[in-house]
Amino acid sequence: MTILIKDGRVIDPANKIDGIYDILVENDKISEVAKNITTSADDIIDATGKIVMPGIVDMHVHLREPGREDKETVATATKAALRGGVTSVLAMPNTQPAIDCPESAQLLKSIIDKTAKANVFICASITRERLGRELTDIAKLKKIGAVAISDDGSSVDNDELLLEALKKAREQDILVISHCEDKTISAGGVVNLGIISTRLGLRGIPSESEYKRVQRDLQLAKKAKARIHIAHLSCKESVELIAKAKKEGIKVSAEVAPHHFSLSEEAVSAFDTNMKMNPPLRNKQDVEALKAGLEKGIIDVIASDHAPHTENEKEIEFGRAEFGVVGLETELAVSITELVNTGLLVWPDLVRKLCLNPAKILGIDKGTLGVGCAADIIVVSPDKEWIVRKEALVSKSKNSAFLGKKLTGVVEYTICNGSIAYKNPDSGE
Amino acid sequence: MPVAWTRKDLLGLEDLSKEEIELLLATAESFKEVSTREIKKVPALRGKTVVNLFYEPSTRTRVSFEIAAKRLSADVINIATETSSVRKGETLIDTGKNIEALKVDIIVVRHNYSGAAAMLGRHLKASVINAGDGWHEHPTQALLDIFTLKEKLGRIAGLSVSIVGDIAHSRVARSNIWGLTKLGANVTVCAPKMLIPPAIEQMGVEVTSDIDEALSNADAVNVLRMQFERDEENAFPKQLEYFKNFGITQERLEKAKKDIIVMHPGPLNRGIEISSEIADGANSVILEQVTNGIAVRMAALFLVAQANENISHDNTD
């Protein structure tokens, strides 16, 4: 099986490539990146006028399987991922059961082996049942294949326990991903604390609940001399803290979700539960700070925090509805629309944040188009507009914050491990 | 009327224009006389069915809506949580759709979650009137407050109105703020700092925690009911302290405008937010508010029913 992608603008920051090249894929791998490759191939993709980049590495995805297959499965999420140009995902461990022991990690692994349509990497939990009481066996979990640990959905409240986890993670050279939230501050809140919570009469979540934890976790990482990755930043204070920590030499990386840099709390105005997520949409200054953080390189990664929920869990009173939105199918287009087309990021920077940086942070061999690498490649029409429609979403759940929105940038082809795993049905070709 | 009412629902005053609020008030004025007749009934909603769907205990609002609907000749059914299937875990939308399937024209909903009325309105073809949703809005209460004020002082524009009490958790406060500011009144909210929600000045109000300042220039004061948790150990000292610092008393009113109007949405907590002598005194319009509530709710029921008839008529054309 050979694929030749011709005449696209190939962007591969890992190899400092940005120009018109051809790419040849042979036997699941990239075998050549050069001008005017004339070899014949089984499939020839004309990428004239298109962007050719590594498949996206989304390091924050809730697959819901095992346990909540009514929301999403490994199969449906990875199918949605391919439509969004995502070829690798990191599966968050807050499943039922949680990925907190070798048995459940093995269970997830077997589901992945049988049903995944894209690469799925495992994030195990930091503590047993994610209760923040007892550490998991990090060494064993790593051996089974976990590339990171996180209690995502919750913070580890106990300082000493997190410090111990960070030290163990350093010894095992595994990444700790931190969900920063002090639930004693955020408890009961459903939207950002501010004018919108005031107008709508909803309990607010102050930014402090996030940034105080960011501050603590940075100090603990420093003390443990460990790497730490801060998930889903939402407020300007967190960005400032991370900027400072990076200057200090703390080994921190940070991510932001597309909804947080593209939408503000104003979006909640009509009690739309598809605008309810945790952390919540913040105010306009926070959105600007997140964008500036991306621009200045303070924020390394864009990740979807894909969080599928059924309609039954969303089409209810705002205060009772689940937190979270799906994002695999829109993250690239939202990023192009909000960051590239506005001049905030140039294409190679976007590719770094979507592909190369998360791969590096996780220590996985992804996010590049280097010769010899597994062929995870996407071909994107950068200027094509589309409207996000509920019916067209591949994900099992439809709780997108972007329904009805016009976005720019369409994935035409997703090549995953050397085969064409997705082709845009409306490519017009 | 220069403006027509086209909304099938009345969900809050934030969404309404000044003209729409004025239309509601004018309609209420025309209905007020009905309640003074020997036969207190007009056939405006004859053949229509109104359901009061109340998820929170309420007597006065429910009774007021019930009387308003009956004076318009509508049939009224009351559903309270105790007697309905909501305890069996039915969703609000399902409950609403089931009521709609009974060919009900208007659902008056009281709910403890902010946004519940709006959600119901979005999913149903029947009209929905918000009778209070969480801390969000209570539009008919604010309309009756404004109606009473206008009746007393002849205008709203240019008036100074202070709202005193637990602003953070009050749907009455929010609806009053929207209604009054849209009609050109100057609104001040007054409460202990922890009961003032953040950024409220962006709703176009002045903010103070000094009750004397709030009263000094006010043409009217709207005193909110203070709810201290009943089982809370120090509820009583808290009540005393609140009365001392924010209670509306004779002594305080003596420093205010002589004719200051005193309003209260009820039920009263005498000796907590207001003294008995003020509640029963010459400045108080508290019982007139209750009377006007009927006219305002008749207007709301009538306008949404009429608009919805036009909408369904347009759809069948």
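Residues numbered from 1 in each chain as written. Chains lettered and ligands numbered in written order. Predicted model: local features only at pLDDT ≥ 70, side-chain atom pairs only at ≥ 80, totals over all residues.

Focus: the overall build of chain B
No. 1: A count of helical and extended segments in chain B gives 11 helices and nine strands.
No. 2: Against the compact-globule benchmark of 20 Å for 317 residues, chain B has a radius of gyration of 20 Å, which places it among compact chains.
No. 3: Here the C-alpha coordinates of chain B stretch approximately 60 × 45 × 40 Å along the principal axes.
No. 4: A fraction of 74% describes how many contacts in chain B between residues 6 or more apart in sequence connect residues 24 or more apart. (Helix = DSSP H or I, 4+ residues; strand = E, 2+ residues; numbered from the N terminus. Rg over C-alpha atoms; globule rule 2.2 N^0.38 Å. Contact = placed C-beta atoms within 7 Å.)

A few points about the interface of chain B and chain A
No. 1: With 20 residues of chain B at the interface, the matching set in chain A holds 16 residues.
No. 2: Secondary structure elements with two or more residues in the side of chain B that touches chain A: α3 (92-101), α4 (116-123) and α6 (171-182) of chain B.
No. 3: Among the elements that make up the side of chain B that touches chain A, the one with the highest residue count is α4(B) (three residues).

Things to note about the domain arrangement of chain B
Residue and element names in this part refer to chain B.
No. 1: Taken domain by domain, chain B holds domain 1 (18-138 + 293-312) and domain 2 (139-289).
No. 2: Using C-alpha coordinates to define each centre, domain 1 is positioned 26 Å away from domain 2.
No. 3: Contacts between the two partners involve 19 residues from domain 1, matched on the other side by 21 residues from domain 2.
No. 4: Secondary-structure elements contributing two or more residues to the side of domain 1 that touches domain 2 are α1 (18-32), β4 (127-133) and α11 (286-316).
No. 5: At five residues, the largest contribution of residues to the side of domain 1 that touches domain 2 is made by α1.
No. 6: Residues of the side of domain 1 that touches domain 2, tallied by class, amount to eight nonpolar, six polar and five charged. (Domains from an automatic or database assignment. Nonpolar A, V, L, I, M, F, W, Y, C, P; charged D, E, K, R; others polar.)

Considerations on the sheet that holds strand β9 (residues 261-263) of chain B
Residues and elements named next belong to chain B.
No. 1: Here we have five strands laid out as an open sheet, ordered β7-β6-β5-β8-β9, and parallel in their pairing. Lying at the two open borders of the sheet, with one neighbouring strand each, are β7 (206-208) and β9. Geometrically, the sheet is characterised by an average inter-axis angle of 20° between neighbouring strands, direction not taken into account.
No. 2: Of the pairings in the sheet, the one linking strand β5 (residues 160-164) to strand β8 (residues 220-223) comprises four bridges and is parallel in character. The partner of I163 across the bridge, within β8, is N222.
No. 3: Docked against the sheet, helix α5 (residues 139-153) engages β8 and β9, running at close to 160° with respect to β9. (Pairing = 2+ DSSP bridges. Axes fitted to C-alpha atoms, helices over the stretch in contact; angles between N-to-C directions.)

Quick look at the packing of helix α12 (residues 331-340) of chain A against helix α13 (residues 347-362) of chain A
Residues and elements named next belong to chain A.
No. 1: The contact between α12 and α13 brings their axes to 11 Å, and the two run at 140°. Accordingly, the angle class assigned to the pair α12 and α13 is oblique. Of the two elements, α12 crosses α13, and the hand of that crossing is right-handed. Side by side, α12 and α13 meet where L332, S335, L339 and V340 of the first sit next to W347, L350 and L354 of the second. (Parallel < 35°, antiparallel > 145°, perpendicular 65-115°, else oblique. Left-handed = near helix turned anticlockwise from the far one by under 90°.)

Things to note about unusual backbone geometry
Residue and element names in this part refer to chain A.
No. 1: Put simply, E65 and P66 share a cis peptide bond, and its omega is 5°.
No. 2: Locating P66 in the fold gives a position in the loop between β6 (56-61) and α1 (74-83).
No. 3: Looking along the chain, the bond that leaves N278 and enters P279 is cis, with omega of 0°.
No. 4: Its identity as a non-glycine residue notwithstanding, R64 has a phi of 70°, on the positive side.
No. 5: On the secondary structure map, R64 appears in the loop between β6 and α1.
No. 6: Given 27 C-beta atoms within a 10 Å radius, R64 is considered buried. (Buried ≥ 20, exposed ≤ 12 C-beta atoms within 10 Å, placed from the backbone.)

Looking at the environment of A:K79
All names here are of chain A.
No. 1: Here K79 lies in helix α1.
No. 2: Taking the number of C-beta atoms within 10 Å as the measure of exposure, K79 has 21 and is therefore buried.
No. 3: Taking the C-alpha atoms as reference points, K79 and K140, 61 residues apart in sequence, are found 30 Å from one another.

Section: α3(B)
Residues and elements named next belong to chain B.
No. 1: Listed as buried for α3 are L92, G96 and I99. Along the long axis of α3, the arc covered by the buried residues comes to 65°, so they all point the same way.
No. 2: Among the structural elements, β1 (49-54), β3 (106-111) and α4 are those in contact with the buried residues of α3.
No. 3: K103 sits one or two positions beyond α3 and adopts a positive phi of about 60°. (Arc of directions from axis to C-beta.)

Describing the nonpolar core
No. 1: Membership of the largest hydrophobic core comes to 237 residues, with the highest contact counts inside it found for A:A91, B:I107 and B:L301.
No. 2: Here the element with the most residues in this core is α11(B); it accounts for 11 residues.
No. 3: Every residue in contact with B:L301, bar those within four places of it in the chain, is listed here: B:L45, B:V50, B:A68, B:A69, B:L72, B:A74, B:I106 and B:I129. (Core = buried A, V, L, I, M, F, W, Y, C linked by C-beta atoms within 7 Å.)

Notes on the pairing of strand β16 (residues 377-387) of chain A
Put simply, side chains in a regular strand alternate between the two faces of the sheet.
Residues and elements named next belong to chain A.
No. 1: Pairing analysis gives four bridges linking strand β5 (residues 51-54) to β16, with the strands arranged antiparallel. Considered in β16, the bridge of M53 is made with I378.
No. 2: Relative to strand β17 (residues 406-416), β16 runs antiparallel, the two being bridged by eight bridges. Bridge pairing in β17 links I377 to I415.

Details of the packing of α3(B) against α4(B)
Residue and element names in this part refer to chain B.
No. 1: Put simply, α3 and α4 touch, their axes get as near as 10 Å, and they point 50° apart. Accordingly, the angle class assigned to the pair α3 and α4 is oblique. Our pair here, α3 against α4, has a crossing hand that is right-handed. Across the interface between the two elements, L92, I93 and G96 from α3 touch A116, M119, L120 and H123 from α4.
No. 2: Within the contact of α3 with α4, the residues separate by chemical class into five nonpolar, two polar and no charged.

Some thoughts on the environment of B:I21
Residue and element names in this part refer to chain B.
No. 1: Within the secondary structure, I21 is located in helix α1.
No. 2: For I21 and G271, which are 250 residues apart along the polypeptide, the C-alpha to C-alpha distance reads 34 Å.
No. 3: Not counting residues within four places of it along the chain, the set of residues in contact with I21 comprises L13, L16, G179, K182 and L183.

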